[in-house]
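# An overview of the molecular structure
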Amino acid sequence: MESLSVAQARRIALAAQGFLDKRHAVPTMRTFQRTLERTGVLQVDSVNVLQRAHYMPLYSRMGPYDVDLLRRAGEQRPRRIVEYWAHVQAFMPVELWPVMQHRMDDYRAKRGKWGFVQADDELEQRLLAELGELGASTARDLDDGLPRAKDNWGWNWSKTRRVLDYLYTSGQVAIAGRNSQFEIRYDLPERVIPPAVLALPVPSRADAARELVRRAARSHGVATVQDLRDYYRMEVVDTATAVAELVESGELLPVAVEGWKRPGYLHAEARLPRRVNARALLSPFDPVVWERARTESLFDFHYRIEIYVPAEKRVHGYYVLPFLLGDRVVGRVDLKAERKESRLVVKGAYAEPTAPPETAEELSAELRQLADWLGLATITVEPRGDLAPLLRP
């Protein structure tokens, strides 16, 4: 069995995620497509304190780009991506629609067993009929106007929205896009998914699992079974079986990684560069850091998102982004976009123990580039964290 140092595994992982790709002066749809092939999915999240989650991994790899690329990829022909419950709510390549059919069938089989929504044949059929007549619509467009329940903060959805969520996860409706308020616009799959994709045969459950593990392995470069399972949130048994089959076919190579307690699996086409010269701020929802145990094993970086932690108990801040420099995470920074004031606010900045002397200078340059991309004129640094006094706004 081949052995890898943790530094080698780290460089393999970053190469697989696209941090070796040369940035284009003006990122194009081809740049976008290349980046999506590396990440596989783009997690969607409503938090907009800096920039919405699905935009940030593209920025981290492509540099400043026109965010309309993402809208065009998801809403215009030829449609390249579609939202589905891939990792969690995420954009995925549209050709994965038939691969996800078994997941959709599983959700449909659980109908009536959801604590989140009760089965309602009449409402389901009415909503499908209305979408057929009206086309892409939000839950608010289709709602009967009844007030939302107030018993669960953050989940005060109408019954219409809850049923639409079931219809979406079970594949009976698809997401056509979102409006300016970030509300989902639902439509029938045949008006969202390209006909050529809908015509593809549905793979067997085993073939679908193997394809998802194959894609996860490409995006990770080197990974444990748990890492591979988490990428598309798969069942444990399905993942283990697919890994064994891919090892047998030679697509995955068992490896021992320094410090890993579990076996590692190297994708046969993974690159092992001599060095990675990255400089990027990583969203809390970036694939490089979303599996926290993997982040710690690769980067020796303990990371927890503190959005839901009471302010007085937060260690580093509300929306903290790891700072990647070279092949190491060398710091973290709590950021907020004050759009009305056209300011990027650094609410805290912290260096890791192994951060090199140039960390503050490199982070300052990255913050200036980020502010420019977000259309923010100034940067304000609040005096919190050991890196804060060293930054040049």
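Residues numbered from 1 in each chain as written. Predicted model: local features only at pLDDT ≥ 70, side-chain atom pairs only at ≥ 80, totals over all residues. Heavy atoms only, no water.

### Some points on the overall build of the protein chain
Of the regular secondary structure elements, the protein chain holds 14 helices and 14 strands. In terms of overall size, the protein chain behaves like a compact globule, its C-alpha atoms giving a radius of gyration of 22 Å where 393 residues would be expected to give roughly 21 Å. In terms of principal-axis extent, the alpha carbons of the protein chain reach across some 65 × 55 × 40 Å. A total of 393 residues make up the protein chain; the buried ones form 55% of that total. Relative to all contacts within the protein chain whose residues are 6 or more apart in sequence, the contacts with residues 24 or more apart total 65%. For the protein chain, the accessible area works out to roughly 18,300 Å², and carbon and sulfur atoms hold 50% of it. For the protein chain, the centre of its 57 positive side-chain charges and the centre of its 54 negative side-chain charges are spaced 3 Å apart. (Helix = DSSP H or I, 4+ residues; strand = E, 2+ residues; numbered from the N terminus. Rg over C-alpha atoms; globule rule 2.2 N^0.38 Å. Buried < 20%, exposed > 50% of the residue type's maximum accessible area, 1.4 Å probe, protein only. Contact = heavy atoms within 4.5 Å. Areas by Shrake-Rupley, 256 points an atom, 1.4 Å probe, with all protein chains shown as cover. Lys, Arg positive; Asp, Glu negative; His and termini not counted. Charge placed at Lys NZ, Arg CZ, Asp CG, Glu CD.)

### What about the sheet that holds strand S7 (residues 222-223)?
Spatially, S1-S8-S9-S7 is the arrangement adopted by the 4 strands of the open sheet, whose pairing is mixed. Across the chains shown, the open sheet's two edge strands, defined by having one partner strand only, are strand S1 (2-4) and S7. Pairing between S7 and strand S9 (residues 264-267): 2 bridges, direction antiparallel. Residue pairing across strands places Ala-223 opposite Tyr-265, the latter belonging to S9. Contacting S1, S7, strand S8 (252-257) and S9, helix H1 (residues 6-16) crosses the sheet at an angle of about 85 degrees to S1. (Pairing = 2+ DSSP bridges. Axes fitted to C-alpha atoms, helices over the stretch in contact; angles between N-to-C directions.)

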